[in-house]
Amino acid sequence: MAVRNVAMREAIRRALQEEMRRDDDVFVMGEEVAYWQGTHRVTRGFLEEFGERRVRDTPISEMAIGGVAVGAAMAGLRPVAEFMTINFAFLALDAIANHAGKVRYFFDGMFKVPLVYRAASGWGNQATASHSHSPEPIFAHFPGVYVGCPSNSMDAYGMLKAAIRDDNPVLFTESIALYPKPGPMPDDEDTDYLIPIGKGDIKREGADVTLVAYARGVDWALQAARQLAKDGVEAEVVDLRWLRPLDMELVYSSFKKTNRCVIVEESLPMYSFGSEIAALLQENMFDYMDAPIKRVAAEDVPLPYSKEIELLALPDAQKVADAVKEIV
Amino acid sequence: MASPSKEMLLDWYRQMVLIREFEETCHRLYEEKRITGVYLHLYSGHEASGVGSMAALRPSDHVITAYRDHGIALILGMDPGAVMAEMMGKKTGSSGGKGGSMHLASAQHNFWGGYAIVGGHLPLAAGIALEARYRGSDDVTMTYVGDGATNNGYFHESLNMSSIWDLPVVWIIENNGYGMGTEVDRASGQIELHRKAEAYGIKSLGRVNAQDALEVYAVATQAVDYARKHGPVVVEHVTYRYRGHGVSDKQYDAREDMSAELREWMECREPIKILRDQILKKHKGAKAILAAHEEDARRIVKEAVEFAEASELPNSYQELFQNTYAQSNLVHKTDMSVGAGID
């Protein structure tokens, strides 16, 4: 496959643009997606190319954004609804969890809900407490909605395309910190590059410890792995990519080899991604376990404004490396 | 003003007596514990609201409502047996026993369902109407919303969205005086609920006495025509619920003022009696047909109960998990994946 290097933001933009060119039923809606060109510039140029019918600015109405997408999807369109940031999607939790995720079930399969919610996620540059969340696990709690969280350009491209083409609702989160990060993505000739929903990926092989992560946590895990290698510890980095479905087969096969695990996430520690993976490992891999499962997550506190204490609250590669050293 | 034919009036009567018989039977079955579950919101007293307004639709139009949905389902022509089986959670229920009383729907009738979160269906209605606009269709989405929901954020966001996008929605506020147990004037700063439309630049056709199917129909035809040609419109149906908020509502027994109010509505503003008088005034010979419709309603509902009670309950894990997700070859499923569903 021929590839080129682009920022993750551009990979997402290209995936969305190509799917809109491919299928007239795909449209985008959200705050500032049209005339403003997207708060994160993901829909840059879309209004000019696709027009107001398919690139729809909405009022600041997250409940309606969440629910209109459900109705339009049930009726046969394939909406891609953007929450400017995932913090605002809290206002739409009922539409997402109670409607997008359940209408198929409570009508016993009568309707399909082929929609994608996109949401920028993660802590920003002193964005302060209410705008500094990475709450993907909250949304992954509910059956009926798939949750995808890419860590790089190539994955973002293939995952978003699969999400748009799938007949189930998908919440797709995009780490704000990763938007400018360059990485390879397929070139113009390979517009059908799809990453199956729920398929994880080994980002680095190693025999001593398994680092399980998603989205930005993958970067910290890879940085930590490079640092650990200098001390002779080889870490395997599992990028789950999707929080629902969860590719535990991949985690188990890695864990059977390393017998040790550190879970890395940008989100909060209680009732978390880390809690879930750790619980599943002890339930299903007890005989392979040589050390306690460790978790590296944000500190259990709202994020402050001031720079130094903001950084104290968040995970980083050093915290990952330190956790590994406690168990190898 | 649209004037319905004799056949239409007789058919409305058929629908209304069927709904009343169905609902009162549901109430009895609940008391006898033959229908279980905690939620059962009956349409008794509301019949003319649904029947008169839906008569203004054509088959390609869309309908969506909240949890007081049995009457709407029957008006659209859903099989009473499948609806009754859903009340009992049977496999043969219209939602396979997964939805119950509050989640009736029928794709073939463009009935997008009953919804249980107050106001939750309102943006869905806007989304369904958006699909029509998107494809250049002039089909309208008839949306029923209770008085209580007009105080919640979904209502305001959805009306506003329908306004800025000129969506073909008829927003029908069924004002039965109470949001659960709270009187409208204790819950809403604006007690003329249709006037909430003004805040969003939406046309309102005002209040309608929704115990009179003819009045309802006359305004609904204007509303549907307006929505088809221009965009959203609001109508307020003033109606009353005969069986409280839901079957567990004991307020009418506990409060003399409420039970007196109920008696007054049932004696003076009874929708079936009003329609019956209107029909017989113009068509004296229709009495036998009306009696036949009443007889049919009893038979149809009796057969629906027999069908439902003879049906099986879903009882397997396969049925429990089925239809959580749409089948998809884009989903990576393994024996050890978590949260992928079992289909």
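Owing to the predicted nature of the structure, the values given are computational and were not obtained by experimental measurement.

Residues and elements named next belong to chain A. Cis geometry is adopted by the peptide bond preceding P245, which originates at R244 and carries an omega value of -10 degrees. Within the fold, P245 resides in the loop between β12 (242-244) and α10 (248-258). In this structure, E32 takes a positive phi of about 65 degrees despite not being glycine. Among the structural elements, E32 can be located in the loop between β2 (26-30) and α2 (46-50). When its relative accessible area of 32% is taken as the criterion, E32 is described as partly exposed.

On to helix α3 (residues 62-74) of chain A. Residue and element names in this part refer to chain A. Over its 13 residues, α3 extends 19 Å from the first C-alpha to the last, a length consistent with the 18 Å expected when each residue adds 1.5 Å. When you tally the buried positions in α3, you get 13 out of 13 residues, the bulk of the element. After α3 finishes, the residue G76 shows a positive phi value of roughly 125 degrees.

Okay, the nonpolar core next. Counting 81 residues, the largest nonpolar core has A:Y117 and A:I277 as its most contacted members. Among the domains, domain 1 (3-186) and domain 2 (201-327) of chain A are the pair contributing at least three residues each to this core. When near neighbours in sequence (up to four residues on either side) are disregarded, A:I277 contacts A:V212, A:L240, A:L246, A:M248, A:V251 and A:I263. Counting residues in each nonpolar core, the second largest holds 63 residues, with B:C26, B:V208, B:L280 and B:A308 among its members.

All names here are of chain A. Split into domains, chain A comes out as domain 1 (3-186) and domain 2 (201-327). The partner domain 2 presents 26 residues to the 31 residues of domain 1 that form the contact. Of the roughly 2,400 Å² buried between domain 1 and domain 2, counting both surfaces, carbon and sulfur atoms make up 58%. Linking domain 1 with domain 2 are three salt bridges.

If you walk through the whole model with that rule in mind, you get 59 salt bridges over all chains. We note a salt bridge from A:D108 to B:K98, for which the minimum N-O separation is 2.9 Å. Separated into two different chains, A:D108 in the loop between α6 (103-106) and β5 (116-121) and B:K98 in the loop between α4 (80-87) and β2 (111-114) make up a pair that spans both. Residue classification places B:K98 among the buried residues on the basis of a relative accessible area of 18%. The salt bridge involving B:R34 is made with B:E32; its shortest N-O contact spans 2.6 Å.

Looking now at helix α12 (residues 287-310) of chain B. All names here are of chain B. With 24 residues, α12 extends 35 Å between its outermost C-alpha atoms, agreeing within 8% with the 34 Å of an ideal straight helix rising 1.5 Å per residue. Among all positions in α12, only L290, H293, A297, V301, A304, V305 and A308 are buried. For α12, the secondary structure elements touched by its buried residues are α1 (6-31), α4 and α11 (271-282).

Looking now at the interface of chain A and chain B. By a widespread convention, an interface's size corresponds to the accessible area lost as its parts come together. The interface is formed by 60 residues belonging to chain A together with 52 residues belonging to chain B. In total, chain A and chain B occlude about 4,800 Å² of area from one another, counting both sides; carbon and sulfur atoms represent 64% of this. Sorting the residues of chain A by area buried against chain B places A:M63, A:Y105 and A:D108 first, and these three jointly supply 14% of that buried surface. On the surface where chain A and chain B come into contact, there are two salt bridges. Notably, a salt bridge pairs A:D25 with B:R135, separated by 2.9 Å at the nearest N-O pair. Within the residue set of the side of chain A that touches chain B, elements represented by two or more residues are β2, β3 (55-57), α3, α5 (93-100), α6, α8 (153-165) and α10 of chain A. Each residue belonging to the side of chain A that touches chain B can be placed in one class, and the counts come to 32 nonpolar, 11 polar and 17 charged.

Analysis parameters
- Residues numbered from 1 in each chain as written.
- Chains lettered and ligands numbered in written order.
- Predicted model: local features only at pLDDT ≥ 70, side-chain atom pairs only at ≥ 80, totals over all residues.
- Heavy atoms only, no water.
- Helix = DSSP H or I, 4+ residues; strand = E, 2+ residues; numbered from the N terminus.
- Buried < 20%, exposed > 50% of the residue type's maximum accessible area, 1.4 Å probe, protein only.
- Expected span 1.5 Å × (residues − 1).
- Core = buried A, V, L, I, M, F, W, Y, C linked by side-chain atoms within 4.5 Å.
- Domains from an automatic or database assignment.
- Contact = heavy atoms within 4.5 Å.
- Buried area = accessible area lost by both parts, 1.4 Å probe.
- Salt bridge = Lys/Arg side-chain N within 4 Å of Asp/Glu carboxyl O.
- Nonpolar A, V, L, I, M, F, W, Y, C, P; charged D, E, K, R; others polar.

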